[in-house]
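# Chains, contacts and geometry: an overview
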Amino acid sequence: RAKDSGKNTYHLYDAEQDKLLQRRRGKVQQLGQAVQDGQLVLHFQPQVDMISREIIRFEALVRWQRPNEGLVTPGAFLPDIEGTELEVAVDEWVIEATLRQLTDWKALGHRLSVSVNIGARHLLRADFPSRLKQLLNAYPEVAAADLELEILETATLSDFEQAQRSLASCRALGVHFALDDFGTGYSSLAYFRTLPVDVLKIDQSFVRDMLHDPGDRDIVESVVQLSNAFNRSVVAEGVETLAHAALLTWLGCRFGQGYGIARPMPGGEVLGWVASWSAETGWNGLGSELDR
Ligand code: C2E
Ligand code: MG
Ligand code: MG
Ligand code: MG
């Protein structure tokens, strides 16, 4: 009997696994079709100087516009395609859509910068720099310096030498790099020092908790000091309240990104947002959500 039920559980488990695998395959297939059908859209979220109100750049964040289902956030579909060819296709779509958007904004008289997220394994592919070069060549109106690539600290750790090569080749094209979710990857100082990254992005978990957790506050402060010591700039993610902005600027981090400044918005809303943001002045204008 015991053996029987053991066997049954095993079969049940097997069937469950199978279902999961099938569901995942189905999703990957749908997503592949979605890329071809033009169902991906980009939203853009600003990074600003929280003291001078200068707009630094926008981060491009991908969404999947499923027919009759609304917008699907990347957390619900990117994990399924991590490390696959499809992730490369999505990232390349994002880079190209960003270059197209920058070209359109430029034609309207606005030179903006945008950062895009690059999957960890994608960055490590030997042909990444040459593909990037092709894309940049296809959009000659855009200065490479107006494109920034956000990579995870952890991406550089899995194959440090390849990461260094890839970063150096892309850097030679003129693009800039940011280390995303910084502080979560435990990279050593020695490693970090030799990476040609321009920006450190403090992970939003530290920003969220720094107001009541002295340990998180210390981490934020350390990242700011690290960025100063190595001549990198630093951007805090997850700036939701005026208290966040106040403590961050007091700790020496002027650049922020978060719902308190603006939510990610469709490309068509960006120039309107730029105009209204630029028309306001001072702390009180930091966005209504920051006044909580
Ligand atoms: P990330 O690069 O760290 O992006 C920041 C995420 O935090 C975004 O979520 C953004 O909407 C969200 N966020 C911004 N401000 C706030 C805030 O004040 N509070 C909170 N709680 N969250 C905030 P999103 O758009 O869902 O993206 C999630 C992750 O998916 C990104 O994290 C990035 O790692 C990945 N991702 C997004 N777009 C792409 C892409 O085009 N390619 C790749 N490879 N990854 C992408
Ligand atoms: Mg990012
Ligand atoms: Mg991040
Ligand atoms: Mg993240």
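What you are looking at is a predicted structure, and each value in this text was computed from that prediction instead of being measured.

## Topic: the overall build of the chain
Per the secondary structure count, the chain includes twelve helices and ten strands. Relative to the 2.2 N^0.38 estimate, which gives 19 Å for 292 residues, the radius of gyration of the chain is 21 Å and therefore close to what a compact globule would have. The buried share among the 292 residues of the chain stands at 47%. Long-range pairs, those at least 24 residues apart, make up 70% of the contacts in the chain with a sequence separation of at least 6. Only carbon and sulfur atoms are counted for the fraction: they give 51% of the accessible area of the chain, which is about 14800 Å². Side chains of the chain give 29 positive and 40 negative charges; the mean places of these two sets differ by 4 Å.

## Examining the packing of aromatic side chains
In total, this model carries five aromatic pairs according to the counting rule given. For the ring pair Phe-58 and Trp-105, a centre distance of 6.3 Å and an interplane angle of 45 degrees mean the geometry is tilted. Taken together, the positions of Phe-58 in strand S2 (residues 55-66) and Trp-105 in helix H3 (residues 85-107) put the pair 47 residues apart, joining distant regions of the chain. Under the relative-accessibility criterion, Phe-58 is labelled buried at 1%. Residue Trp-105 is classed as buried on the basis of its relative accessible area of 2%. Each ring, one from Trp-273 and one from Trp-277, has its centre 5.2 Å from the other, and the planes form 20 degrees; the classification is stacked.

## Side note on the environment of Ser-52
Residue placement: Ser-52 occurs in the loop between strand S1 (40-49) and S2. A relative accessible area of 41% means that Ser-52 is categorised as partly exposed. In terms of polar contacts, Ser-52 uses its side chain to reach the backbone amide nitrogen of Glu-54, at 3.2 Å.

## Some words on the layout of surface pockets
Estimated volume of the largest pocket: approximately 1100 Å³. Together, 40 residues line the largest pocket, and Glu-59, Leu-61, Pro-74, Asn-117 and Asp-180 are the ones closest to its centre. Of all the elements in the fold, those that place two or more residues in the lining of the largest pocket are S1, S2, helix H2 (78-81), H3, helix H4 (120-123), strand S5 (147-152), strand S6 (176-182) and helix H9 (204-209). The greatest single-element share of the lining of the largest pocket, amounting to five residues, is contributed by S2. A per-class count over the lining of the largest pocket returns 14 nonpolar, twelve polar and 14 charged.

## Some remarks on the environment of Asp-80
Structurally, Asp-80 can be placed in helix H2. We classify Asp-80 as buried; its relative accessible area is 17%. The spacing of Asp-80 and Arg-25 is 55 residues in sequence and 8.7 Å in space, taken between C-alpha atoms. Discounting chain neighbours no more than four positions away, the residues touching Asp-80 are Arg-24, Lys-27 and Val-28.

## Overview of the pattern of salt bridges
Going through the model one piece at a time under the given rule, you end up with 15 salt bridges. A salt bridge links Glu-141 to Lys-106; the shortest N-O distance between them is 3.9 Å. Within this pair, whereas Glu-141 is found in the loop between helix H5 (128-138) and S5, its partner Lys-106 is found in helix H3, the two being separated by 35 residues in sequence. Since its relative accessible area comes to 46%, Glu-141 is described here as partly exposed. With a relative accessible area of 39%, Lys-106 lands in the partly exposed category.

## Quick look at the coordination of the magnesium ion (ligand 2)
Each protein donor to the magnesium ion (ligand 2) is listed here as Glu-59 (OE), Asn-117 (OD1), Glu-150 (OE) and Asp-180 (OD); together their distances run 2.1 to 2.2 Å. In terms of primary sequence, the donors binding the magnesium ion (ligand 2) are separated according to E-x57-N-x32-E-x29-D. Between the two metal centres, the magnesium ion (ligand 2) and the magnesium ion (ligand 3), the spacing is 4.2 Å, with Asp-180 acting as a shared donor. Separated by 121 residues along the polypeptide, Glu-59 in strand S2 and Asp-180 in strand S6 bring together distant segments of the chain. Per residue, the accessibility class of Glu-59 equals that of Asp-180, and both read buried.

## A closer look at empty space enclosed by the protein
If you roll a probe as big as a water molecule over the atoms, it shows you where there is empty space left. Counted under the stated rule, the structure contains two cavities of 30 Å³ or more. Looking at the largest cavity, its volume works out to about 50 Å³. If you trace the largest cavity, you find it lined by Leu-102, Lys-106, His-110, Arg-111, Leu-112, Glu-141, Val-142, Ala-143 and Asp-146. Residue composition of the lining of the largest cavity, grouped by class: four nonpolar, one polar and four charged.

## What to know about the confidence of the model for the chain
Averaged over all residues, the pLDDT of the chain is 89; the fraction at 70 or higher stands at 91%. When the criterion is pLDDT under 50, residues 287-292 qualifies, and its contacts beyond four places in sequence or with other chains add up to 15 contacts. In the model output, the complex is listed with pTM 0.91 alongside ipTM 0.97.

About the cut-offs
Residues numbered from 1 in each chain as written. Chains lettered and ligands numbered in written order. Predicted model: local features only at pLDDT ≥ 70, side-chain atom pairs only at ≥ 80, totals over all residues. Heavy atoms only, no water. Helix = DSSP H or I, 4+ residues; strand = E, 2+ residues; numbered from the N terminus. Rg over C-alpha atoms; globule rule 2.2 N^0.38 Å. Buried < 20%, exposed > 50% of the residue type's maximum accessible area, 1.4 Å probe, protein only. Contact = heavy atoms within 4.5 Å. Areas by Shrake-Rupley, 256 points an atom, 1.4 Å probe, with all protein chains shown as cover. Lys, Arg positive; Asp, Glu negative; His and termini not counted. Charge placed at Lys NZ, Arg CZ, Asp CG, Glu CD. Phe/Tyr/Trp six-rings, centres within 6.5 Å; stacked < 30°, edge-to-face > 60°. Polar contact = N/O pair within 3.5 Å; in protein donor to acceptor, adjacent residues only side chain to side chain. 1 Å grid on protein atoms, 1.4 Å probe; cavity = no way out; pocket = protein on both sides within 12 Å on 5 of 7 lines; lining within 4 Å. Points joined across faces, edges and corners; volume = space filled by probe spheres on them. Nonpolar A, V, L, I, M, F, W, Y, C, P; charged D, E, K, R; others polar. Salt bridge = Lys/Arg side-chain N within 4 Å of Asp/Glu carboxyl O. Donors = N, O, S within 2.8 Å, 3.2 Å for Na, K, Ca; no water. pLDDT = per-residue confidence, 0-100.

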